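Chain by chain, the residues run as shown.
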Amino acid sequence: MLSLQTIFGRGNQFYNLLEEAAVAAHDAARALHAMLRESDRQPALDAFRLARLREREVSNQISQELVDSFITPIEREDIEALASALYKIPKQIEKFADRYSLAIQHLEHIDFAPRAAMLEQAAGVVVKMVRDLRRMKLEPMKALGDELRTIETEADRLMLELYGDIYSGKLDPLQMFLLKEFFEILEKAIDRCRGAGVVAYEIVLKNS
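Residues numbered from 1 in each chain as written. Predicted model: local features only at pLDDT ≥ 70, side-chain atom pairs only at ≥ 80, totals over all residues. Heavy atoms only, no water.

Student: Honestly, the packing of aromatic side chains in this entry has me stumped. Any pointers?
Tutor: How two aromatic rings sit relative to each other is given by the distance of their centres and the angle of their planes. For the structure shown, the criterion picks out seven aromatic pairs. Look at Phe96 and Tyr100: their rings are 5.8 Å apart centre to centre, the planes differ by 15°, and that puts the pair in the stacked class. Here Phe96 pairs with Tyr100, and both are found in helix H4 (residues 76-103), just four residues apart, close to one helical turn. For the pair Phe96 and Tyr100, one class covers both residues: buried. Taken together, a centroid distance of 6.3 Å and an interplanar angle of 90° make the contact between Tyr100 and Phe182 edge-to-face. Separated by 82 residues along the polypeptide, Tyr100 in helix H4 and Phe182 in helix H7 (residues 173-207) bring together distant segments of the chain. (Phe/Tyr/Trp six-rings, centres within 6.5 Å; stacked < 30°, edge-to-face > 60°. Helix = DSSP H or I, 4+ residues; strand = E, 2+ residues; numbered from the N terminus. Buried < 20%, exposed > 50% of the residue type's maximum accessible area, 1.4 Å probe, protein only.)

Written out as structure tokens, the structure is:
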């Protein structure tokens, strides 16, 4: 007869796959920050597409494991919700990189790096939160959630400063449009991180 430890240990692959998805999202954010802080800022899109491909493969693996596995360490709906939330992060980052590659000649004097740094930081917190799921400890997860909320709040503050630049009258219409579009994509990527963090926190809240 199988022991309970053996039975429940079989669910660890879900934690491993979710962590792999979170790391792929963080790698995409790190690649974007690295690109935007380089002096020439020439986009190398392979890194973003690779991260997105890794995320898609992990998502497919999770779906297959949910079909094949009788035992899951947390509710199936929660695994699906977190996998979906994590998948959206590199998807949003790749969207920025693709559009940036088309408009780079109009963006030479715009510094996206500080916001990209906040995105990388937020994605790093998400990795910690996903790794902490194994412990199901509420207080450490709450502290990480608060850290993620602080990053999001600071990003919102920077967006308000951005609107001041947009409506200052110093930019031509094309620059105004591009500035608003690209910073909003970055803001939404941070929101995607926050969304994944909320799902992770709610899982621990339910199971702790």
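Student: Would you take a moment to explain the environment of Ala117 for this structure?
Tutor: Mapped onto the elements, Ala117 comes out in helix H5 (residues 113-131). For Ala117, a relative accessible area of 27% corresponds to the partly exposed category. When the C-alpha positions of Ala117 and Leu32 are compared, they lie 8.7 Å apart, and in sequence the two are 85 residues distant.

Student: What's the story with the environment of Ala25 in this structure? I'm lost.
Tutor: Residue placement: Ala25 occurs in helix H2 (residues 12-37). Taking the C-alpha atoms as reference, Ala25 lies 6.9 Å from Leu86; in sequence the two are 61 residues apart. In this structure Ala25 touches Glu55, Leu86, Ile89, Pro90, Ile93 and Ala123, once residues within four positions along its chain are discounted. (Contact = heavy atoms within 4.5 Å.)

Student: Teacher, can you tell me more about the nonpolar core here?
Tutor: Nonpolar side chains in soluble globular proteins tend to be buried together. Formed by 69 residues in total, the largest nonpolar core has its most connected members in Leu86 and Phe112. At the level of secondary structure, the elements contributing two or more residues to this core comprise H2, helix H3 (46-68), H4, H5, helix H6 (138-166) and H7. The greatest single-element share of this core, amounting to 14 residues, is contributed by H7. With residues up to four places along the chain from it excluded, the contact list for Leu86 reads Leu18, Ala21, Ala22, Ala25, Glu55, Val126, Val130 and Ala196. (Core = buried A, V, L, I, M, F, W, Y, C linked by side-chain atoms within 4.5 Å.)

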